[in-house]
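Letter by letter, the chains look like this.
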Amino acid sequence: QAADMDSEKHESETAKELVNALKSELQRSKELQEEIDIKETRISSLESEIRDMTSTFDREKSDLQRELSMKSQLYENGLTMMHEMQQSHNEVALLPRLPV
């Protein structure tokens, strides 16, 4: 009977150890889930920041392309005007001089 009591006591201690181990694992699981939730929130926040930055980048890129296109057109217009002025100057040089 003493052996039975020792066996029951040992089983009871083993059961308590298992319950404590399970409680510890459950607590660790809760902590890990909290970490996961925090990291998922951070990921979501970073994704939002990236979308905003991408949007800003695209908008500024478009603005710069438009500005570059305008400046390129102004440059082309300036070259055309210079060419026309040179032609006019050459044509004037060919005109007979009027006596003063």
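Here is a short report on the structure shown in this document. (Residues numbered from 1 in each chain as written. Predicted model: local features only at pLDDT ≥ 70, side-chain atom pairs only at ≥ 80, totals over all residues. Heavy atoms only, no water.)

**Observations concerning the overall build of the protein chain**
Tallying secondary structure elements over the protein chain gives 1 helix and 0 strands in all. Here the C-alpha radius of gyration of the protein chain, 43 Å, is well above what a compact globule of 100 residues would show, namely 13 Å. Burial statistics for the protein chain: of 100 residues in total, 0% are counted as buried. Accessible area for the protein chain stands at about 9800 Å²; split by element, carbon and sulfur atoms hold 58% of it. Counting 13 positive and 22 negative side-chain charges, the protein chain places the centres of these two groups 6 Å from one another. (Helix = DSSP H or I, 4+ residues; strand = E, 2+ residues; numbered from the N terminus. Rg over C-alpha atoms; globule rule 2.2 N^0.38 Å. Buried < 20%, exposed > 50% of the residue type's maximum accessible area, 1.4 Å probe, protein only. Areas by Shrake-Rupley, 256 points an atom, 1.4 Å probe, with all protein chains shown as cover. Lys, Arg positive; Asp, Glu negative; His and termini not counted. Charge placed at Lys NZ, Arg CZ, Asp CG, Glu CD.)

**A word on the environment of Leu94**
For Leu94, the position within the fold is in helix 1 (residues 2-94). Note on Leu94: relative accessible area 73%, which makes it exposed. Spatially, the C-alpha atoms of Leu94 and Ile43 are 75 Å apart, while their sequence positions differ by 51 residues.

**Structural notes on the pattern of salt bridges**
Applying the stated criterion across every chain yields a total of 5 salt bridges. Put simply, Asp63 and Arg66 hold a salt bridge, and the shortest N to O gap is 2.4 Å. Of this pair, Asp63 and Arg66 both sit in helix 1, 3 residues apart, which is roughly one turn of that helix. (Salt bridge = Lys/Arg side-chain N within 4 Å of Asp/Glu carboxyl O.)

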